[in-house]
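Coordinate inspection notes
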Amino acid sequence: MTFSSLLTLLRHKLGILFLGGVLCAAVAFAGTMVLSTRFQSSMDFLIVQSNVQGQDFYSLFKSSEYLSKVLSEAIYSERFIDAIMETGKINGQFLPANKKDRLDAWREMVVVQKNLELGVLSVTVKHDNDRDAARVMSSISEVLIEKNSLFRSGDEKSVEIRVLSGPILETTPTLKKILLVL
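This is a predicted model, so every value here is computed, not measured.

Quick notes on the pairing of strand β3 (residues 120–127)
In terms of burial, β3 is largely enclosed, as seven of its eight residues are buried. Relative to β3, strand β1 (residues 39–49) runs antiparallel, the two sharing eight bridges. Along β3, the bridge assignment pairs D44 with S122. Sheet topology places strand β2 (residues 110–115) next to β3; six bridges connect them, and they run antiparallel. Looking across to β3, one finds that V112 is bridged to V123. Between β2 and β3, which pair antiparallel and follow one another directly, the connecting turn spans four residues, one of which, G119, has a positive phi of 70°.

In structure tokens form, the structure reads like this:
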């Protein structure tokens, strides 16, 4: 088959190719609208160490990196979920009773991104209800700020978690995500 015969074949099938592309875009758009959660709440937290006199910059950097990793993984733990339930902002029926299903549902709802160089944790909660997303984010914030010593070693006062930004509640999917899918 030569190049010119291939171009001729493509010209004859151009309408079908165009309709196929539109159909795929429509299916992707419908899938995004149906399968994505409607709301997301996000916050950024800064991990600050206190009582660090006499420590060099490198050891502080590595310690901050370690704490970011520990706390970001602790958010996905069963103990963290229990601490959130203890705040009273979320009832026990919010997540499934089975431990494995509970952890899986929590991992789908909460996303943690870490910037190890800066000691910043970005936490995002995705949910179909804006009030539930805000309540979950509020309880995560409370546990990280007040009870972070449950998930790390050392003195209770040696690490302080500060809120950098948030909570920011957004309706999803965003226009940028919709355009990206299309």
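Moving on from the model shown.
A short note on the pattern of salt bridges
Any two side chains of opposite charge can pair, given that their charged atoms come close. Applying the stated criterion across every chain, the model contains six salt bridges. A salt bridge links R79 to E86; the nearest nitrogen and oxygen atoms lie 3.6 Å apart. Under the relative-accessibility criterion, R79 is labelled partly exposed at 36%. Given a relative accessible area of 51%, E86 falls into the exposed group.

So, the packing of helix α4 (residues 78–86) against helix α5 (residues 99–109)
Where α4 contacts α5, the two axes come as close as 10 Å, and the packing angle between them is 80°. It follows from the interaxial angle that α4 and α5 lie roughly perpendicular. Contacts between α4 and α5 involve E78, F80, I81, D82 and I84 from the first element and K99, R102, L103 and W106 from the second. Grouping the amino acids of the contact of α4 with α5 by side-chain chemistry returns five nonpolar, no polar and four charged.

Digging into helix α6 (residues 130–146)
When the terminal C-alpha atoms of α6 are compared, their 24 Å separation across 17 residues agrees well with the 24 Å that a helix rising 1.5 Å per residue should span. As for α6, its buried residues are in contact with β1, α4, α5, β2, β3 and β4 (159–171).

Examining the packing of aromatic side chains
Within this structure, the stated rule accounts for zero aromatic pairs. Positioned over the ring face of Y76 is R107, at 4.3 Å from the centre of the ring.

Here we look at the side chain of S139
Structurally, S139 can be placed in helix α6. Not counting the four nearest positions on each side in its chain, S139 is found in contact with I84, T87, K89 and I90.

Some thoughts on the environment of E142
Along the chain, E142 turns up in helix α6. The spacing of E142 and I84 is 58 residues in sequence and 8.2 Å in space, taken between C-alpha atoms. When sequence neighbours within four positions are dropped, the list of residues in contact with E142 reads T87, K89 and K147.

Observations concerning a nonpolar patch on the surface
A cluster of nonpolar side chains, namely F3, L6, L7, L9 and L10, defines an oily patch on the protein surface of about 450 Å² accessible area. Looking at the secondary structure, you find L7 in helix α1 (residues 3–12).

Observations regarding the nonpolar core
With 31 residues, the main nonpolar core has I75, F80, W106, V110, V123, V125 and I140 as its most contacted residues. Apart from the residues lying within four places of it in its own chain, the contact partners of V123 are S41, S42, M43, F45, I75, V110, V111, V112, M137 and I140.

Cut-offs and rules
Residues numbered from 1 in each chain as written. Predicted model: local features only at pLDDT ≥ 70, side-chain atom pairs only at ≥ 80, totals over all residues. Heavy atoms only, no water. Buried < 20%, exposed > 50% of the residue type's maximum accessible area, 1.4 Å probe, protein only. Helix = DSSP H or I, 4+ residues; strand = E, 2+ residues; numbered from the N terminus. Pairing = 2+ DSSP bridges. Salt bridge = Lys/Arg side-chain N within 4 Å of Asp/Glu carboxyl O. Axes fitted to C-alpha atoms, helices over the stretch in contact; angles between N-to-C directions. Parallel < 35°, antiparallel > 145°, perpendicular 65-115°, else oblique. Contact = heavy atoms within 4.5 Å. Nonpolar A, V, L, I, M, F, W, Y, C, P; charged D, E, K, R; others polar. Expected span 1.5 Å × (residues − 1). Phe/Tyr/Trp six-rings, centres within 6.5 Å; stacked < 30°, edge-to-face > 60°. Lys NZ or Arg CZ within 6 Å of the ring centre and 35° of its normal. Patch = residues over 30% accessible without salt bridge, like charges linked within 9 Å, V, L, I, M, F, W, Y side chains within 5 Å. Areas by Shrake-Rupley, 256 points an atom, 1.4 Å probe, with all protein chains shown as cover. Core = buried A, V, L, I, M, F, W, Y, C linked by side-chain atoms within 4.5 Å.

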